[in-house]
Amino acid sequence: MKVLLTRPEGKNHAMAVALEKQGIPYVITPLIKILPTFTSNSQDRFAHADAIIFVSTNAVTFAKQLHSSPWPTDIPYFAVGQATQKALLALGIQATAPKKGAPQTSEGVLALPALASIKNKNILIVRGTGGRETLADTLKQRQAQVTYWEVYQRVPVELKANQITNQWQIAKIDTIIVTSGEILSNLIKLVPNELFSWLQTCHIIVPSARVEQLAFQHGLVHVTNAKAANANAMISTLIT
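Remember, it's a predicted structure, so these values are computed and weren't measured experimentally. (Residues numbered from 1 in each chain as written. Predicted model: local features only at pLDDT ≥ 70, side-chain atom pairs only at ≥ 80, totals over all residues. Heavy atoms only, no water.)

Draft legend 1. Region of interest: the overall build of the protein. Helices and strands together make up the secondary structure of the protein, namely 11 helices and 11 strands. For a compact globule of 240 residues, the expected C-alpha radius of gyration is about 18 Å, and the protein comes in at 19 Å, within 12% of that figure. Its C-alpha atoms give the protein principal-axis dimensions of roughly 55 × 35 × 35 Å. Burial analysis of the protein (240 residues in total) assigns 48% to the buried set. Of the roughly 12000 Å² of accessible surface on the protein, a fraction of 51% belongs to carbon and sulfur atoms. (Helix = DSSP H or I, 4+ residues; strand = E, 2+ residues; numbered from the N terminus. Rg over C-alpha atoms; globule rule 2.2 N^0.38 Å. Buried < 20%, exposed > 50% of the residue type's maximum accessible area, 1.4 Å probe, protein only. Areas by Shrake-Rupley, 256 points an atom, 1.4 Å probe, with all protein chains shown as cover.)

What follows is the structure in structure tokens.
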């Protein structure tokens with residue numbers, strides 16, 4: 001087994017350490033990069049929120065960069081996943097997240113009892129541009145007022161397709177960790193048609209049912225849903 005790690009620069013360390021402990025070789029090739037959006041009015045966004053939901057560790061990181069003043073302490077915070085919960089805790093913020101074993105996704109957050117009765121509440125979702133609408137749509141169905149604060153954007157990394165995919169083949173990559181739909185899309189775009197049969201032989205590990213379905217729609221056949229994007233979930237799926 002040889003694993004390809006595709007998360008943005010600086011985000012592959014935990015998975016790399018986990019693989020090294022298991023004696024599994026790997027190659028790191030970031031397929032997207034994360035950039036701030038430089039949005040403003042963060043003070044107003046926080047001031048009018050009755051609850052704040054962070055969808056990722058990137059949301060926490062870039063929100064802190066854009067709003068370095070103290071955050072509200074008298075409202076509840078929620079995190080889509082335990083990694084995001086830990087990122088908030090590092091800032092001194094206690095957030096509620098799906099428990100271990102529950103889906104570390106929007107659906108997992110929506111199942112939290114604290115978000116069941118939110119009629120007329122102002123919910124702020126902190127995310128990247130162009131994220132999923134499931135979370136907001138369901139909260140609106142529960143008669144909440146929902147606003148977004150989009151603090152980062154995902155940009156494909158420019159790579160020479162034939163060169164990079166040939167390198168992966170030479171390196172004997174047979175397993176690929178894909179932690180988002182954007183990474184999956186760039187992976188599909190990178191692999192030329194004549195090498196797509198090679199990609200179909202690879203084991204693709206994804207973080208959610210949504211990305212799993214996208215992978216199948218693109219013609220990939222050996223796909224496993226780890227049910228979360230964190231290193232623990234991915235490595236557990238890998239060695240099972």
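Draft legend 2. The arrangement of the pattern of salt bridges in detail. Under the criterion given, the structure shown has three salt bridges. The salt bridge partner of Glu-150 is Arg-127, with a shortest N-O separation of 2.7 Å. Here Arg-127 lies in strand S7 (residues 122-128) and Glu-150 lies in strand S8 (residues 145-156), a separation of 23 residues in the sequence. What emerges from the salt-bridge pattern is a single network uniting Arg-127, Glu-133 and Glu-150. (Salt bridge = Lys/Arg side-chain N within 4 Å of Asp/Glu carboxyl O.)

Draft legend 3. View of the packing of aromatic side chains. All chains considered together, the criterion is met by six aromatic pairs. Centre to centre, the rings of Phe-46 and Trp-71 are 5.3 Å apart; their planes meet at 75°, and the pair counts as edge-to-face. Taken as a pair, Phe-46 in helix H2 (residues 42-47) and Trp-71 in the loop between helix H3 (57-66) and strand S5 (77-79) lie far apart in primary sequence, 25 residues in all. Note on accessibility: Phe-46 and Trp-71 belong to one class, buried. Taking the ring centre of Tyr-148 as reference, the NZ or CZ of Arg-127 above it sits at 3.5 Å. (Phe/Tyr/Trp six-rings, centres within 6.5 Å; stacked < 30°, edge-to-face > 60°. Lys NZ or Arg CZ within 6 Å of the ring centre and 35° of its normal.)

Draft legend 4. Region of the structure containing the confidence of the model for the protein. On average, the protein scores 91 in pLDDT, and the residues at 70 or more come to 98%. For the protein, the element scoring lowest by mean pLDDT is H2, at 71; S5 scores highest, at 98. (pLDDT = per-residue confidence, 0-100.)

Draft legend 5. Region of interest: the nonpolar core. The biggest cluster of nonpolar side chains holds 47 residues, and the ones touching the most others in it are Phe-54, Trp-168 and Leu-199. The element contributing the most residues to this core is helix H8 (residues 181-190), with five residues. Beyond its immediate sequence surroundings of up to four residues, Phe-54 is in contact with Ala-59, Val-60, Ala-63, Trp-71, Tyr-77, Phe-78, Ala-79, Val-80, Thr-84, Leu-88 and Val-126. (Core = buried A, V, L, I, M, F, W, Y, C linked by side-chain atoms within 4.5 Å. Contact = heavy atoms within 4.5 Å.)

Draft legend 6. How the structure looks around the side chain of His-203. Positionally, His-203 belongs in strand S10 (residues 203-206). Look at His-203 and you get buried, because its relative accessible area is 14%. Each residue touching His-203, except ones within four places of it in the same chain, is listed here: Asp-174, Thr-175, Ile-176, His-222 and Thr-224.

Draft legend 7. Just the sheet that holds strand S4 (residues 51-54), in detail. Across the sheet, six strands lie side by side as S3-S8-S7-S4-S5-S6; this open sheet has mixed pairing. Both edges of this open sheet fall to strand S3 (32-36) and strand S6 (95-96), since each of them pairs with a single strand only. In terms of strand pairing, S5 meets S6 through two bridges, oriented parallel. The residue of S6 that forms the bridge with Tyr-77 is Ala-95. Here helix H4 (residues 82-89) sits on the sheet and contacts S4, S5 and S6; the angle it forms with S5, its principal contact strand, is near 140°. (Pairing = 2+ DSSP bridges. Axes fitted to C-alpha atoms, helices over the stretch in contact; angles between N-to-C directions.)

Draft legend 8. Summary view of unusual backbone geometry. Of note, Gln-143 is a non-glycine position whose phi angle comes to about 70°, a positive value. Mapped onto the elements, Gln-143 comes out in the loop between helix H6 (134-141) and S8. Overall, Gln-143 belongs to the partly exposed group, its relative accessible area being 45%. Residues other than glycine seldom take positive phi values, yet Lys-227 does so here, at roughly 70°. Position of Lys-227 relative to the elements: it lies in the loop between strand S11 (223-225) and helix H11 (231-239).

Draft legend 9. Representation of helix H7 (residues 161-170) in the model. Listed in full, the buried residues belonging to H7 are Ile-164, Thr-165 and Trp-168. Seen along its axis, H7 keeps its buried residues to an arc of 95°; they face one direction. Where H7 is buried, its residues contact strand S1 (3-5), H8 and helix H9 (196-201). Looking one or two residues beyond H7, the residue adopting positive phi is Lys-172, at roughly 65°. (Arc of directions from axis to C-beta.)

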